[in-house]
Amino acid sequence: MQNKGLIKLFAFLFGLVSIYQLSYTFITAKVEKDAALFATSAVSPSEEDYVAKREGVEAIYLDSIGANPILGYTSYDDAKKKELNKGLDLKGGINVTLQISVKDILKGLADNTKNPIFNKALADADVASKDSDETYIDLFFEAFDNIKGDAKLASPDIFANKGLSDEINFQMTDDEVKPIIRRKIDESVVSAFEVLRERIDGFGVTQPNIQREGNSGRILVELPGARDIARAQDLLSSTAQLEFWETYEPGNQSLINFFIQANDRLKTLVEDTEEDAVVKEESEIDSLLSDVTQDSLDVATERNPLFEKLQLSGPGFAVGIAAIKDTAEIGSYLRMPEVRRLLPADVQFTKFLWERPTKDSEVASLYALKSNRDNTPRISGDVVSDARDQFDQFNRPAVGMDMNVKGAKLWEKLTSEANLNNTGIAIVLDNKVYTAPGVSQVGGISGGSSEITGTFTVNETKDIANVLRAGKLPASAEIIDSFVVGPSLGQEAIDSGFMSFLIAMVFVLLWMVFYYGKAGIFADIALSFNIVLIFGVLASLGAVLTLPGIAGIVLTIGMSVDANVLIFERIKEELAKGKGKGQAISDGFSNALSSILDANITTGLTAIILLIFGSGPIKGFATTLIIGILTSLFTAIFVTRLLVDWYISGKGRTLDFSTAITKNLFKNLNINFLSKRKISYVLSFILVAVGLFSLFTQGLDEGVDFVGGRNYQIRFVNPVSPSEITNELSDALGSASAKTFGDANQIMVTTKYKVDVQGTEVDDEILGILYTSLQKYLPDGATYEDFIPGGTNGDIGVLKYRKVGPTIADDIKKNALWAIFGSLAIVFLYILLRFRKWQYSLGAVVAVFHDVLIVLGIFSLTSKVMPFSMEVDQAFIAAILTVIGYSLNDTVVVFDRIREMVSEHGWKGGDNINNALNSTLSRTLNTSLTTLVVLLSIFVFGGESLRGFMFAMIIGVIVGTYSSLFIATPVMFDTLRSKISGEKKD
């Protein structure tokens, strides 16, 4: 081997840099362990809310020592920025995909026009977007072109308005306007991206990740380690739409008359049900509401749809009070056109908004705000120049705001009028009234300073100030995909991932020594060095390590053995020809290189496809697989060679590439594989036919990734009955299913309840329903805070949940299909270029289709009987693509040997194909065995969430090994038959 010195230097430096990069991870782990021990000793578990208190003590401890030097070259704060990033499934936290509303941006650019053609085009685009891959802006332009008639995008009441006058004029054609609007939308999405980045920076998590997803208007945000999930979701989805409105004076007679008439009108609009006639036992909420008297109303003797849920005369400047559970229904009543028409002329534009309820409150106040025909507030939040969290005069958390010059003048005028009219000023953030104080200062408040008060926590005031400083989003941001993992589940994933990694590593190391003797030791050293390099590269690139990523690394261990096996088997062949040790080693490495490169390139191509089309954890799997392939090539080809050459260069040293037990294994094999091809065709046809029948009749258990919905992993203390829980949750959620997920005390609940409705309120509602419905299965005294993810009790309750909207589910499904067919097409072309005959490509692709169909068929047949989740999701697609890569890896090695033998000795009617298969059988079975043991290790010890993923890969490896011998090669042989019978040599 040439340039040994250069390779040694490179390997040394590569290893040194990897160890240096990993040192930061070890340092932070040690410091954080010390901080956890300190917090544990400082806060007793007998204290109330001890988990949160310990987290606070940990944070103070880490902050106090953050800048202290460690080992003379770093500090905790510095090391934290450079440590190996852990994903949500290892650390806990939240991952969301936000969809910035292009519709809102278009309406803003058009200055909220009332133009009927513009608004009809928006409505048509809404409908089309549900079943189309095109972007919303393309659908809008298409819809506008279909109905525009003589209208133009550059009309004065569409885009040729005052706000866009510098760029769009009345004379411009639609084709000239469209690129300007596209650019404006892209600028708005960039603006939203920057606003979110500023908010996240103020949130306080380490190593946050935020990135745009192409031109789709989607933004991916990952907050590993975030404990307060609800707070994080509010921070991300809040548009920070701050508004100041004037309320009506208390006891406004026009409003009272409106509510009386509305109640009467609703009697004919709302259908009676038998349930309404049942006298309900007075609840705590009813008791609270009954304290508010209505002397002028007699609502006891007949049904009153509105007054049964709303009590007039709320506190302060509120017009009423209601149970929080009834606010949505009351709001729908007040928005009915038949009801809105009853508003008297002097209050006809009234805007009704609910207050932001305090924590643990069961009631909320309703406010009536003075509005106008355009529904615009007196002052909007864009006049706020600064915001900060502070404490009010009663030492309660509050938010202070400063306004610019324009805002200060408007604020003084508004507060002066409120003082004269005896009205309040409602401070509204994202359509929730945070506070509505009166104004006692005659002449109004000058200077432009104001304060938002209420029943806030310190974190809430920090977040409100943070979003106000960062500014409002240019459009609403809907959470269309979210993935939440509790911290306790993350630690379990680390433990299980490490266990599977350790067991797989030990087996592979022992097996190589058992099979190849001293040579196996050198392979083990190279393999161990390979693991260091993989983690070092991950740390230096800032890549995120996920549980599927660990699976990718463990799989790399199994597959990296393949290169060493190929080399050692070729060396044994060269030795069998009578060559000397040095020459046999040199020729063995050279002759194996072609097969090694072909096998790893085909696997690498499928990994790249995964990286392009996958998302979240799947990208983590693909990243580690690609890095593992590259480092495996380096260590097998160069590091193992260095070690072997070093050893045989010593005097009197001998190196056998086998042991006494394995020396004669697979020698002199003469199996006629091709003669058995008809049997294999029939067997495969039966397996594929049964699988297809099951797929068409029974289908697959599609997960929420592909159909939309929510799923919740919930753990209890004692075993529970999934069918019993399914029945109870179906009553509460309309549709729900529960399956055992791992141990008998753990279930996975899936529901499509309000899957089309956006907003964190629905997430909170479902968590509340789950807690209420499942409370009897929880330990006595278990609270809602114990139950929610990241709550005070990490051993029970919701450990993880996923929400996928229907739109993104369709996108995921389409991307999955593109990934599978894309990988097949690319590999077909690669094999065609490499082997110069389409018959080789056909054989490989037929074998891959065969393998995929059998895996799908087995999943369909066994999905209802397996004691673990068999849902088809993104992880399953990753497994399918990995199976494709593995099957091709094996097939390419076989084809490579066939090509080599045929080029030297001719086809000989197919005899040399059999010889090639026999000569590679040792490598095929060796690699398959080590890979299977590695996969079984992950399957048993790697955690419940990976079990279905691993099962698919185990089946795939078994079927892939079979197909390379009995499907790919026979298909290639049969399609080349005329050439084989007519030629002696290729």
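Quick caveat, the model's predicted, so the values are computed rather than measured.

How each quantity is defined
- Residues numbered from 1 in each chain as written.
- Predicted model: local features only at pLDDT ≥ 70, side-chain atom pairs only at ≥ 80, totals over all residues.
- Heavy atoms only, no water.
- Helix = DSSP H or I, 4+ residues; strand = E, 2+ residues; numbered from the N terminus.
- Buried < 20%, exposed > 50% of the residue type's maximum accessible area, 1.4 Å probe, protein only.
- Contact = heavy atoms within 4.5 Å.
- Areas by Shrake-Rupley, 256 points an atom, 1.4 Å probe, with all protein chains shown as cover.
- Polar contact = N/O pair within 3.5 Å; in protein donor to acceptor, adjacent residues only side chain to side chain.
- Pairing = 2+ DSSP bridges.
- Expected span 1.5 Å × (residues − 1).
- Bend = angle between axes of the 7 residues up to and from the residue.
- Phe/Tyr/Trp six-rings, centres within 6.5 Å; stacked < 30°, edge-to-face > 60°.
- Core = buried A, V, L, I, M, F, W, Y, C linked by side-chain atoms within 4.5 Å.
- Patch = residues over 30% accessible without salt bridge, like charges linked within 9 Å, V, L, I, M, F, W, Y side chains within 5 Å.
- Salt bridge = Lys/Arg side-chain N within 4 Å of Asp/Glu carboxyl O.
- pLDDT = per-residue confidence, 0-100.
- Axes fitted to C-alpha atoms, helices over the stretch in contact; angles between N-to-C directions.
- Arc of directions from axis to C-beta.

Enquirer: Provide a residue-level description of the overall build of the protein, including the pertinent values.
Expert: A count of helical and extended segments in the protein gives 32 helices and 23 strands. When the 986 residues of the protein are sorted by exposure, 53% land in the buried category. Excluding contacts between residues fewer than 6 apart, the proportion of contacts in the protein whose partners are at least 24 apart in sequence is 74%. For the protein, the accessible surface area stands at approximately 43800 Å², while carbon and sulfur atoms represent 57% of it.

Enquirer: Before we move on, could you go through the side chain of Glu83 and cite the residues and values that matter?
Expert: Tracing the chain through its elements places Glu83 in the loop between helix 3 (76–82) and strand 3 (85–86). Among the polar contacts listed, one links the side chain of Glu83 to the side chain of Thr28, at a separation of 2.7 Å.

Enquirer: Before we move on, can you summarise the pairing of strand 6 (residues 218–224) with the specific residues and values?
Expert: Side chains on a regular strand alternate between the two faces of the sheet. Of all 7 residues in strand 6, 7 are buried; the element is thus mostly enclosed. By the alternation rule, side chains of strand 6 split into Arg218, Leu220, Glu222 and Pro224 and Ile219, Val221 and Leu223, which are all buried. Where strand 4 (residues 93–100) meets strand 6, 7 bridges bridge the pair, whose relative direction is antiparallel. Counterpart to Val96 in the pairing with strand 6 is Val221.

Enquirer: I'd like to hear about helix 20 (residues 581–613), residue by residue, with values.
Expert: The end-to-end C-alpha separation of helix 20 is 47 Å, in line with the 48 Å expected for 33 residues at 1.5 Å each. At Leu593, helix 20 is deflected by roughly 35°, the largest bend along its length.

Enquirer: A description of the packing of aromatic side chains should follow, citing residues and the corresponding values.
Expert: Within this structure, the stated rule accounts for 29 aromatic pairs. With 5.3 Å between their ring centres and 75° between their planes, Tyr20 and Tyr24 make a pair best called edge-to-face. In this pair, Tyr20 and Tyr24 are both assigned in helix 1 (residues 4–42), 4 residues apart and thus about one turn of the helix distant. When its relative accessible area of 40% is taken as the criterion, Tyr20 is described as partly exposed. Taking the centre distance of 5.3 Å and the plane angle of 55° together, the rings of Phe568 and Phe657 count as tilted. Of the two residues, Phe568 is situated in helix 19 (residues 547–576) and Phe657 in the loop between helix 21 (617–648) and helix 22 (677–697); the sequence distance between them amounts to 89 residues. No difference in accessibility class separates Phe568 from Phe657, as the two residues are buried. Taken together, Phe507, Trp511, Phe514, Tyr515, Tyr516, Phe568 and Phe657 form an aromatic cluster joined through their ring pairs.

Enquirer: So, the nonpolar core: which residues are in play, and what are the values?
Expert: Within the largest apolar cluster, 120 residues are counted, with the highest numbers of intra-cluster contacts made by Phe568, Ile831, Phe876, Ile884 and Ile898. Setting aside anything within four residues of it in sequence, one finds Ile884 in contact with Thr606, Ile820, Ser823, Leu824, Val848 and Val852. One finds Ala121, Ala160, Val749 and Tyr771 within the second-largest nonpolar core, a separate group that totals 73 residues.

Enquirer: Requested: an account of a nonpolar patch on the surface, with residues and values cited.
Expert: Where nonpolar side chains cluster on the molecular surface, the patch consists of Leu6, Leu9, Phe12, Leu13 and Leu16 and spans about 520 Å² of accessible area. Considering the arrangement of structural elements, one finds Leu13 in helix 1. Owing to a relative accessible area of 41%, Leu13 belongs among the partly exposed residues under this scheme.

Enquirer: Hey, could you go over the confidence of the model for the protein for me, with residue numbers and the actual values?
Expert: Taken over all residues, the pLDDT of the protein has a mean of 79, while the share at 70 or more is 84%. Throughout residues 272–301 the model reports pLDDT below 50, and contacts reaching past four residues in sequence, or to other chains, amount to 32 contacts.

Enquirer: Pulling in residues and values, what's your account of the pattern of salt bridges?
Expert: Under the criterion given, the structure shown has 32 salt bridges. When the shortest N-O distance is used, the salt bridge between Arg570 and Glu573 registers 3.7 Å. Of this pair, Arg570 and Glu573 both sit in helix 19, separated by 3 residues, roughly a single helical turn. Across the salt bridge formed by Asp974 and Arg677, the nearest N and O atoms sit 3.0 Å from each other. Taken as a pair, Asp974 in helix 31 (residues 947–975) and Arg677 in helix 22 lie far apart in primary sequence, 297 residues in all. Given the relative accessible area of 26%, Asp974 is considered partly exposed. Overlapping salt bridges, with partners in common, bring together Asp145, Lys148, Asp174 and Lys178 in one network.

Enquirer: I'd love a proper account of unusual backbone geometry, names of residues and values included.
Expert: Positive phi outside glycine occurs at Asn112, with the angle close to 50°. Inspection of the secondary structure assignment puts Asn112 in the loop between helix 5 (102–109) and helix 6 (116–129).

Enquirer: Hey, could you go over the sheet that holds strand 14 (residues 397–403) for me, with residue numbers and the actual values?
Expert: With respect to topology, 3 strands assemble into an open sheet ordered 13-14-17, the strand pairing being antiparallel. The outermost strands of the open sheet, each flanked by one partner alone, are strand 13 (384–391) and strand 17 (449–452). Each strand axis lies, on average, 25° off the axis of its neighbour in the sheet, ignoring direction. Judged from the 7 bridges that link them, strand 13 and strand 14 form a sheet pairing that is antiparallel. Its bridge partner being in strand 14, Arg388 is matched across the sheet by Gly400. The strands touched by helix 15 (residues 405–421) are strand 14 and strand 17; relative to strand 14, the strand with the most contacts, the crossing angle is about 115°.

Enquirer: Could you give an account of the environment of Gln441, with specific residues and numbers?
Expert: Looking at where Gln441 falls in the secondary structure, it is placed in the loop between strand 16 (432–435) and strand 17. The partly exposed category is assigned to Gln441, whose relative accessible area is 41%. Sequence separation between Gln441 and Ser416 is 25 residues, and the spatial gap between their C-alpha atoms is 7.6 Å.

Enquirer: Account for helix 22, with residues named and values stated.
Expert: Its 21 residues place the ends of helix 22 30 Å apart at the C-alpha level, agreeing with the 30 Å of an ideal helix rising 1.5 Å per residue. Among the residues of helix 22, those classed as buried are Arg677, Ser680, Ser684, Val688, Gly691, Ser694 and Leu695. Around the axis of helix 22, the buried residues are gathered within 125° of arc, so they sit on the same side. In this structure, helix 22 carries Lys678, Ile679, Phe685, Phe693, Phe696 and Thr697 as exposed residues pointing more than 90 degrees from its buried face.

Enquirer: Break down the sheet that holds strand 8 (residues 310–312) for me, citing the residues and quoting the values.
Expert: The 4 strands lie next to each other as 8-9-11-10, forming an open sheet whose pairing is antiparallel. What marks the edges here is a single partner per strand, and that holds for strand 8 and strand 10 (351–354). Within this sheet the neighbouring strands show an average axis-to-axis angle of 25°, counted without direction. The pairing of strand 8 with strand 9 (residues 320–323) spans 3 bridges and is antiparallel. Its bridge partner being in strand 9, Gln311 is matched across the sheet by Ile321. Here helix 10 (residues 253–269) sits on the sheet in contact with strand 8, strand 10 and strand 11 (363–369), set at roughly 80° to strand 10. Here helix 13 (residues 327–335) sits on the sheet and contacts strand 8, strand 9, strand 10 and strand 11; the angle it forms with strand 10, its principal contact strand, is near 175°.

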